[in-house]
Structures are given as C-alpha cells and as structure tokens.
Amino acid sequence: MEKKIYNLSPEEALEKFNSGFSGISKEEAKLRRKTCGLNLLKNSDKFKWLKILGGQFNDALIWILLVASLLAFLFGEQRDVTIILTIVLINAGIGFFQEFKAEKIIDKIKKFSSDKAIVLRDGKKEEVDSKFIVPGDVICVSAGDSIAADGYILESFSLKINSFVFTGESKPKSKKSGIIGEKDIPVSNVDNMLFSGESVAVGEAAFLVTGIGKDTELGKIATLTTKVKDLPTPLQNKMRSLGRIITVLSVFIGIMVMIAGQYFHMSLYKNFLFALALAVSVVPEGLPAAISVALSLGMKNLLKKNVLAKRLSAVETLGSVGIICTDKTGTITRNELTVTRIVIDEKVIDVSGNGYEPKGDFYIGSQKINPLEMKNLELIFRIGTLCNNASLQKNENGYAIIGDPTEGAIIVAGKKYNNQEGFFEKDEKRITENPFSSERMMMSEVYKNSNVVSYVKGSPDVVLDLCDKISINGKTAKITEENKKEIRKKYNEMSGEALRVLAFAYKDLSDMEKEDYNSESAFAKAIADKSEQKLIWVGMMGMIDSPRAGVSEAIQRCVNMGIRVMMITGDYEVTAEAIAKKAGIVQEGEEYEVISGKKLMVMSDEEIYAKTKKKKIIFARIAPEQKLQIASILKSKGEIVAMTGDGVNDAPALKKADIGVAMGIMGTDVSKEASDMILLDDNFSSIVNGITEGRTIFRNLKKFVHYILTSNASELFTVVIGVIMQIPSPITAIQILAVDLGTDIFPSFSLSMEPDEPGISRKKKKENVINFKGFRRIVYIGIIMALGAVVAFLLSMMRGGWSFGKEIAEGALYAKSTSAAYAVLSMSQMANLLQSRSESLSVFKLGFFKNKFAIFSIFISLGILLSFMYLPFFQKYLGMVPIGWQDWTVVAISAVAVFLFEEARKGESK
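All of the points below concern the structure found in this document.

Reading the values: the criteria
- In this convention, every chain numbers its residues from 1, walking through the sequence in written order.
- Thresholds applied to this predicted model are a pLDDT of at least 70 for local features of residues and 80 or more for the giving and counting of side-chain atom pairs; totals over whole chains, interfaces and linings are not thresholded and use all residues.
- Side-chain numbers come from the whole structure's heavy atoms, not from hydrogens or water.
- Centre distance within 6.5 Å is the pairing criterion for rings of Phe, Tyr and Trp, where only the six-membered ring of Trp is used; planes under 30 degrees apart are then read as stacked, over 60 as edge-to-face, and the remainder as tilted.
- Only DSSP runs of H or I with at least four residues qualify as helices, and only runs of E with at least two residues qualify as strands; both kinds are numbered from the N terminus onward.
- The buried label goes to any residue with under 20% of its type's maximum accessible area, the exposed label to any with over 50%, and the partly exposed label to all in between, with areas taken from a 1.4 Å probe on protein chains only.
- Among buried residues, the Ala, Val, Leu, Ile, Met, Phe, Trp, Tyr and Cys ones that are joined through side-chain atoms within 4.5 Å form a nonpolar core.
- Contact definition: two residues touch when any of their heavy atoms are within 4.5 Å.
- Patch membership needs two things, relative accessible area over 30% and no salt bridge, and members are linked within 9 Å if like-charged or within 5 Å if nonpolar (Val, Leu, Ile, Met, Phe, Trp, Tyr).
- Note on areas: Shrake-Rupley with a 1.4 Å probe; residue coverage comes only from the protein chains shown.
- A pair is scored as a salt bridge if a Lys or Arg side-chain nitrogen falls within 4 Å of a carboxyl oxygen belonging to Asp or Glu.
- Counting rule applied: Lys, Arg positive; Asp, Glu negative; His and chain ends not counted.
- For the purpose of locating charges, the reference atoms are NZ of Lys, CZ of Arg, CG of Asp and CD of Glu.
- Strands qualify as paired when DSSP identifies two bridges or more between them.
- Comment: axis = line fitted to C-alpha atoms, over the contacting stretch for helices; angle = value between 0 and 180 degrees taken between N-to-C directions.
- Using a 1 Å grid laid over the protein atoms alone, points where a 1.4 Å probe fits but cannot get out form a cavity; open sets with protein on both sides within 12 Å along at least 5 of 7 lines form a pocket; any residue with an atom within 4 Å of a point counts as lining.
- Grid points are joined across faces, edges and corners, and a volume is the space filled by probe spheres set on the points.
- Three categories are distinguished: nonpolar for Ala, Val, Leu, Ile, Met, Phe, Trp, Tyr, Cys and Pro, charged for Asp, Glu, Lys and Arg, and polar for the others, with Gly belonging to the last.
- Between the first and last residue of a helix there are one fewer steps than residues, each counted as 1.5 Å, and that sum is the expected span.

Another aspect to go through is the packing of aromatic side chains. Using the criterion set out here, one finds 11 aromatic pairs in the structure. Here the aromatic rings of Phe793 and Tyr814 are separated by 6.0 Å at their centres, their planes lie at 85 degrees, and the arrangement is edge-to-face. Of the two residues, Phe793 is situated in helix α28 (residues 772–799) and Tyr814 in helix α29 (residues 812–836); the sequence distance between them amounts to 21 residues. Assessed through its relative accessible area of 0%, Phe793 is described here as buried. Taking the relative accessible area as the measure of exposure, Tyr814 reaches 9% and is therefore buried. Of the aromatic side chains, those joined through ring pairs into one cluster are Phe362, Phe381, Tyr417, Phe423 and Phe424.

See below:
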C-alpha cells in the first residue's frame, strides 16, 4: 500500500515533490503553476448573475402567468400580453436585485480573509499572493498567520494550530514534524501536517506545500458539498401547492364556462373571450411580486439584525424552522476563553466578565471583594502574566488575543486586577524560558528584579507534584498531604464543570550566584535546571469559553416558540454538557442525554430520532459526516432544520439542512458558499431574531395572499354572475389586470410591513398558506364584493336605457358601467385591506393607524383609480371613464358592507 504524505519523513516528502528545505526557484514555480493552476477552490462564476436571474422564473405562479400571457397572445389581446409580461419582469427584477446584492455582500466578506503568504523562492523569503502558491513551495508561518494550502511540516517551534474549522474545538492543537506510522487516520488526528483553513495560534513553522485549490482537504469537501442536492424550501412547496390548486380551479372554471356558453347558445368566439376573462381573474398576477417584495423587505430587516439571507425564499424558511442544530464554539460561546474562577489562600474567588474585554469584578460567594486586599491574587496574576507569550490588543471590533487563547485569558484576568499598562512587567528582566511541551505539560520563565524568580504554570497534576511548599495569605509553609488532597478535590470539581484549569507556582532562585559558574551560558543552564524543582504552590485558575451574552434568553425564546435546540459539537462530552446547562439548552429538572460520536455510530436512525423526540439531546465528539447524518435523519422525518457551522467539514450538513447558517466572522468560504444564511456576528441570538422575523413574514404572507385572492375571487364571481344572468360582462379582462396591478399591488405590499399582532401565539404550527377556514372567508368576501360590482354595473346600465335581453357590450354606456363595477371592486378591497391585517382581531384593537403604510396605500390606490378614470391615456387602454355620484354611493355602501361583515365575523369567532 502506498504511503500517505503523513507517513513520510521530511526528506522523503521533499523528494516526492522535487523540492528542498530552501524551496523551489521562481522559474520552477511558474512552470508548476501552468500545470497545477491557481490555488483557488474554484474560479469565480462569471455568469452567476444569469443563474440568479433564471432562478426568478422557477415559480409555479410565474408559470401560470406565462401560460395566461400565451392565451392572451393567441386571442390577440396584445395589451394583456404586455401587462402580464411586465408583471413577470418586475417580479424577476425584484428577486434578482435582492439576491445579487446578497452575493455581493458575500464577496466582500471573503475579502477579509488572508490572501498573502511568505514562501521560500531561490532560498529567499518572498511575500506572494496565496493564489500563486504551487505544490513544492516551502511556506513560513508564525502566530496569527492563516494556512493558505495543505502541507507537510518540515520544522517547527512551539507550534500550536487553531483547527476548529476541522475539529470544532476551540483549544489549539500542538503539531510538529515527524513520521506518523498509522494508516488512514482522520484529518483531525494528523499532527505533522497543516491544512488550508487552519491558522497558527502559537509558534512558528516551515511547511512543504502538498496540495492546493481543489486538491486540499478543504477543496475535497467543497466538491463533496456540490453533490448534496438542493431541495424546494417549505415556502416553495406551499406556493407550488397553491399554484396547482389555482391551475386546477382555472381549468375547471374554463370548462364550466364553455359548457354554460354552449347551453346559452353563445358564439364560440365570445365563449373564448369569457374563458380568457375568467382565466385572468383566477390568476393572482400581483402575488409573485408581492411575495418578492415581502421577502426582500425581510432580507433587509434581517441584515439589520446581522443575518444575511442569500436567497429570498430562505427568509420565510427560517421562520418555519422547528429544530436548530447549533455548534458550541463561536455560536453558543464566544470562542474566547475567560477566567471565571481562581483558587488561592484556601478560598474560591469567582471572576465576572465576558470574552477578552478586561472588565470584571471579583467575588467570594455572592460578596464582591476588593482584589487588591488579597496578597496572593497579585502574585498569581504576576506569574500568569510573566510566564506567558500571548498579548491583548484592541481594534475597531473590540479586543483580540495574539497567541494562545488560554494564555490570553490569563492576560485579560490580570488586567481586570490592574489595568495599568506594564504593571506586572515593570522592572522585570527575563533571563531564560523553559517552553511548554505536550510531554511536560508545563512551562516556566525566569525573571530578575530585586530577586531572581522562576514563574511556573501548567497542568495541576504536574505542577503539584513538583511543589514542596505552599503560599497562603502571603506566608510560605510546607505543603501537606491534606493540602494536596484539598487542591486535587477543587481541581476535580472545576474539571467537572468543564473548566480548563491551570496551576501556578514559583521558586526563588536568588541564592544562585553567577560567580559560581564558569560562563553566562552555564549559569543560565543551571537556573533552567532548578527553575522547576521544589516549587512553592500559589493556586489555580479555571477558565471556560463562556456562553455569549443573551444566549440563555434567546434559547428561552426558542422554547416559547416551540423550537427544539440541539447542540452538536466536536468538543468533549463534559464540556458540551456544562455549556449546554450554562446556556439554558438543558434546564434544571429536564431529562437529557449526551450522545457521543462513538455511541452514535452503533445507533439506528429510528433510535436516534426517537431519542430527540423524547428528551433534550447533546451531541458531543461528533465527526462532520455524523453532522450530515443527523441533518438527514431529522429531514427524513419531516422536521424543518436549521444547521449552523463554520468549518470546511460543516459544508455538506449546511447544504443538506433546510436552512444552513454559516458564521460570517469565523466561517470558511466553503461554509458560506454552502449556506443559505450568514450570521455576520456569529451569534446564536441572531438566528432566533431571524426566526422571529421569518415567522412574522409568513404570517404577513398569509395576510396578503388572502387579500390578493379575495380580490381575484371578487373578479371571478363578478364575471360568473354576469354569465349566469346572461348580461354583458360587468368587467373586462384588461380591467381585471388593472385591478390586480393598479389598485391591489401597493396595498398588498403594505401588509408585508404589518407588525406582530398582540397576543398571538409564537408557537409554529404546520399550516398551509390557505386553509379551509381561510378559503371560506375568501369566498364570503368575494361574493359580497362581486354582488356590489354587479349591482353598480346594472344600475349604471339601466340608468343609460339598457334593459335585460339587449347585447350592448361596448360604447360609452358600457365603459361607464364597467368603470362603476371596477370602482366597487377596488374600493371594497380597501376595506378588505384593513380587515386583512388580522384574521381574528378587530381593526380598532389592532390600532387603526398602526400600519401607516396601509393607510397611505389606500390613498395611493384611490389616486390610481381616479387617474384610470380621468386621464386620456388610461381611458384609451383600459376602457374607463368618470362615474356619477350614484355610482360612488354604491361604491361606499359596498366598502362599508365588507368592513362591517368582517368586524361582525371577528366578534362572533371569540
């Protein structure tokens, strides 16, 4: 079996890639670039905009509109064709603009990632664009650098790597050069290689590039992700179902009209004209545009809440979510270790504050204390700050740690004690260092001030065994077995709460005289040898990646909305359980279970799903492919799932979930590409805000679907009543389009801005856009409006001398009468607009003027109606003319009838 890269020695790896410790030449790099291509996951899609534009036409209602336009074309109704196609293009334009804008934001986010690397070319260091890296290059990296390609470590110094994009763990991982004898081990266990997407936490390294672009581990997962098929969103399914119903209804009505026409001995031509009018009346032309506007407004609102939606339909899908599968690190937690507990002087001190901001207080129990009054508190922070290679920096986004996050947490805690710059470092001169190693599990630094002192920190088990004395309240005494027993008890308690615990000790080396040694180097070696022997125990610090501020409240909101939250993490079981409790995912008294990756492997899909329904589940030590498995199981059972992720390996699961939510700050480009939404602040609370927004959008979507279909029902019944009564059609096909586009479209948009109703249940119910109750309501109101329109038409016709039996269907009288019917439909729909703001609450309880957009749109619609009647351009194309006061009286009565009918219905339903 051929050896993998990690099975080779450094020399063998260099030979395999025809390179050397000094890298390759510039000329060789150019030749290899021609063969291997650029170090990019994929070339930018120059025609992405075409794909986005094409996607706007993949909608059931759009297809119906296109069919209607074809019918209109076949019947020579060119005006209808023009208007319908205009609607389709407006709808496509709205959707395209919003989704293309989202893609542009994603492109900007990508620019924040590092795009430079230091390579050895011709034996000299050179900074190059990372896309020009080739296999065989030798790259030099240090703390803070991103890894631009996969590579084999040639040499390293105290190297620790942030590998959470692959492992999901916040703790940096030690890596070094050397041969790995095992075969076929997972990426997370390969410690002699670096991978694209990782970053250097501590130390330095030089590595040989072994893979670029799509050949990296990151690239392989990106390729895998493309194989996960995109499925229709819940909104798309609901709208397709609605579209099918409308299509069947339209065909059925058309057939019935043809039969009725033959029964009444109508000419075939007139029969077809009626069929066209009815087809147009059934199809809600303004609905796709209204939905697009509502969702685009939702996208805008979500962006204000740090959630970037990449697709319009994703906005509503987020509101349909019933389960959130969330990462721990960076989403529930801040990915910023914080010292929360200190054990010194046989006391336990709690430290407040979050993240890397150096603000917090000190408590013993519930009592706040003055830290300056505790002598050993200054000593433990001095040890922690001086025996440390990290630093705290302030930038425009807050505070950031350069170096190991664990050491950074100690720096921050020290600044909470005293924030004076250089307080602990003052007059201290470093003499030597014994660096941390995974074998020793400790480190020490020797400083000279008035005395020579060795400061030591490390694993409590290791440090405690090296101590023969203990410092309590500033006094030194011999450490007893009772002392050690109590220390180990505290250590175990802190570990059980998932705290990462470090011990601190020191040794006074002032009795060592330089003159006793032959040279400076001999003196330094002697100091180093004695610096970790017979130490004086000071205390311990416990730190944790604490839950973000507001996460507990956000999870409680999920509970109130009927959403289940499951944590899926690569971290250890104890840590995951502790964070789940701190964050409120598991609350006191609740039944829960922690399922590890190993346990998950032996469970059936049915067993896994049954457990998620029965109790709270925390998934720990989960591999990325298992994350995909969990998403697949939940979706197969009909659950609507939101999945968060930031790593490369999260991408398949993000794409599989109904809503993939990537992290905007910590997330890789691959995870962002695979997701439907991006959290710009990496905060779980933002997901909950998004769900709340999505549910509001869905409720409003139901409102304006009801509003628009009521209008279509009134038009349908108006024409049907005309056929039954054997009178000229009270409204023409082109006027029906004018109702839908002219006086309906702005009011429907205003419903998308309706705020949440007071007292409404936040729990998500599985419901269609229209249920039977809603359909019945549409029919009732549609009939009332249609009767008003037919009455207005007949009264106008009869005042002009028409009587039953005559076939006048054109001319000034017909135009005036259809204008009266049009006015009734338009203005009674404005009454319906006010009532559509809530299915159950009175307009007066809602607040008549609370939705100012609705009031404003009524005046706009009235202005459009008058312009249709009085402006010659519209008179010519719509066949409309001014109407008399008698007609306006019927209009007012019809509008009031609709309004009072709905008020009475809402009163009875309580």
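Now that the structure has been shown, the text picks up again.
The next point concerns the nonpolar core. Counting residues in hydrophobic clusters, the biggest one holds 61 residues, and the most contacted among them are Ile324, Ile332, Trp537, Met540, Ile585, Phe684 and Ile691. Here Trp537 is in contact with Pro460, Val463, Leu464, Cys467, Lys469, Ile470, Ser471, Ile479, Ile487, Ala503, Phe504 and Ala505, once residues within four sequence places are set aside. The next biggest cluster of nonpolar side chains, apart from the first, holds 56 residues, and it includes Val705, Ile727, Ala792 and Phe899.

Together, Glu346, Glu482, Glu486 and Glu493 give the surface a local cluster of negative charge. Checked against the element boundaries, Glu493 lands in helix α16 (residues 481–496). The partly exposed category is assigned to Glu493, whose relative accessible area is 37%.

Bringing the sheet that holds strand β26 (residues 641–645) into the picture now. Strand order in the open sheet formed by 8 strands is β8-β28-β27-β26-β9-β23-β25-β24, with mixed pairing between adjacent strands. What marks the edges here is a single partner per strand, and that holds for β8 (307–309) and β24 (592–596). The mean angle between the axes of side-by-side strands here comes to 20 degrees, regardless of whether they run parallel or antiparallel. Where strand β27 (residues 659–663) lies against strand β28 (residues 677–679), 3 bridges are found, and the strand directions are parallel. Its bridge partner being in β28, Ala662 is matched across the sheet by Ile678.

Under the defined criterion, the tally for this structure stands at 1 cavity of 30 Å³ or more. A volume near 30 Å³ is recorded for the largest cavity. Taken together, Thr696, Arg699, Asn700, Lys703, Glu754, Pro755, Asp756 and Glu757 make up the full set of residues lining the largest cavity. The class makeup of the residues in the lining of the largest cavity is 1 nonpolar, 2 polar and 5 charged.

Let us look at α16. If you check α16, its first and last C-alpha atoms are 22 Å apart, about what 16 residues at 1.5 Å a residue would give, namely 22 Å. Residues of α16 that are buried make contact with β10 (333–344), α15 (460–465), β19 (467–472), β20 (475–478), β21 (500–508) and β22 (535–547). Where α16 terminates, the next one or two residues include Ala498, which has phi positive at roughly 70 degrees.

With that settled, consider the pairing of strand β7 (residues 199–211). Most of β7 is tucked away: 12 of the 13 residues are buried. Two strands pair when backbone bridges link them, and strand β3 (residues 138–142) and β7 are joined in this way by 5 bridges, in the antiparallel orientation. Of the residues in β7, the one forming a bridge with Ser142 is Glu204. Taken together, the 10 bridges between strand β4 (residues 150–162) and β7 define a ladder with antiparallel strand orientation. The residue bridging Glu155 from the neighbouring strand is Ala206, located in β7.

All right, on to the environment of Glu15 then. Within the element layout of this structure, Glu15 appears in helix α1 (residues 10–16). Separated by 121 residues in the primary sequence, Glu15 and Gly136 place their C-alpha atoms 9.6 Å from one another.

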